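# Examination of the molecular architecture
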Amino acid sequence: MFKVIHAPCINVNDLEMKLVAWHKEPWEEVKEDDLICEVETTKSVEEIRSEYPGFLYPLVKEGQMLKVGEPLAHVFE
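Residues numbered from 1 in each chain as written. Predicted model: local features only at pLDDT ≥ 70, side-chain atom pairs only at ≥ 80, totals over all residues. Heavy atoms only, no water.

### With respect to a nonpolar patch on the surface
Our working rule: Patch members must show over 30% relative accessible area and no salt bridge, and they are joined within 9 Å when carrying like charges or within 5 Å when they are nonpolar side chains of Val, Leu, Ile, Met, Phe, Trp or Tyr. Surface exposure here means Shrake-Rupley accessible area, sampled with a 1.4 Å probe, where a residue is shielded only by the protein chains that are shown. Salt bridges, as used here, are contacts in which a Lys or Arg side-chain nitrogen is within 4 Å of a carboxyl oxygen on Asp or Glu. Every helix listed is a DSSP run of H or I at least four residues long, and every strand listed is a run of E at least two residues long, numbered separately from the N terminus. Each residue gets one of three labels from its accessible area relative to the maximum for its type: buried under 20%, exposed over 50%, partly exposed in between, using a 1.4 Å probe on protein chains only.
A surface patch of nonpolar side chains, amounting to about 380 Å² of accessible area, comprises Trp-27, Phe-55, Tyr-57 and Leu-59. Secondary-structure assignment places Phe-55 in strand β6 (residues 54–58). The exposure class assigned to Phe-55 is partly exposed, which follows from its relative accessible area of 33%.

Okay, structure coming up:
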């Protein structure tokens, strides 16, 4: 079983963002509120934190663009 972490709405004027860097490796264990990655919008770079504990499986590569609401990663129990 897994949970999905979605790309958040950081600014209502930004519907897309770029994944700047992952701070966790694939399948690395994460705790709730661990920093997992950073995304860049037109105005800032924002930290994304895990919403769930488990093992992280990224779905997006560094440098890739994604839209608000798109799946960013799975967290397996």
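### Here's the deal with the sheet that holds strand β7 (residues 65–67)
In sheet architecture, strand pairing relies on hydrogen bonds along the backbone and comes in two forms, parallel and antiparallel. Note the following rule: What makes two strands pair is DSSP finding at least two bridges between them. A fitted line through C-alpha atoms represents every axis, and for helices the fit uses only the stretch in contact; the resulting angles, taken between N-to-C directions, go from 0 to 180 degrees.
In space, the four strands of this open sheet follow the order β5-β4-β2-β7, with antiparallel pairing throughout. Both outer strands of the open sheet, β5 (45–49) and β7, are each paired with one neighbouring strand and no more. Within the sheet, the average angular offset between the axes of one strand and its neighbour, ignoring direction, is 40 degrees. The pairing of strand β2 (residues 16–22) with strand β4 (residues 35–40) spans four bridges and is antiparallel. Bridging from a neighbouring strand, Lys-18 pairs with Glu-40 of β4.

### Looking at the sheet that holds strand β3 (residues 29–30)
Here we have four strands laid out as an open sheet, ordered β1-β8-β6-β3, and antiparallel in their pairing. Lying at the two open borders of the sheet, with one neighbouring strand each, are β1 (2–6) and β3. In the sheet, β3 pairs with β6 via two bridges, with the strands oriented antiparallel. Paired with Val-30 across the bridge in β6 is Gly-54.

### Considering the environment of His-6
Cut-off, in case you're wondering: In this description, contact between two residues means that some pair of their heavy atoms is separated by no more than 4.5 Å.
Its place among the elements puts His-6 in strand β1. On a C-alpha basis, the gap between His-6 and Glu-62 in space is 16 Å, while along the polypeptide they are 56 residues apart. Not counting chain neighbours up to four residues away, the residues in contact with His-6 comprise Glu-51, Gly-69, Glu-70, Pro-71 and Leu-72.

### Details of the side chain of Thr-41
Structurally, the position occupied by Thr-41 is in the loop between β4 and β5. Ignoring sequence-local partners within four residues, the contact set of Thr-41 consists of Ile-10, Asp-14 and Met-17.

### Some words on the pattern of salt bridges
Side chains that carry opposite charge are capable of pairing whenever their charged atoms lie near each other. Counted by the stated rule, this structure contains three salt bridges. Its salt-bridge partner being Glu-28, residue Lys-24 comes within 3.8 Å of it at the nearest N-O pair. Note that Asp-34 and Lys-24 form a salt bridge whose closest N and O atoms lie 3.8 Å from each other. Here Asp-34, found in the loop between β3 and β4, pairs with Lys-24, found in the loop between β2 and β3; they are ten residues apart in sequence, far enough to count as distant.

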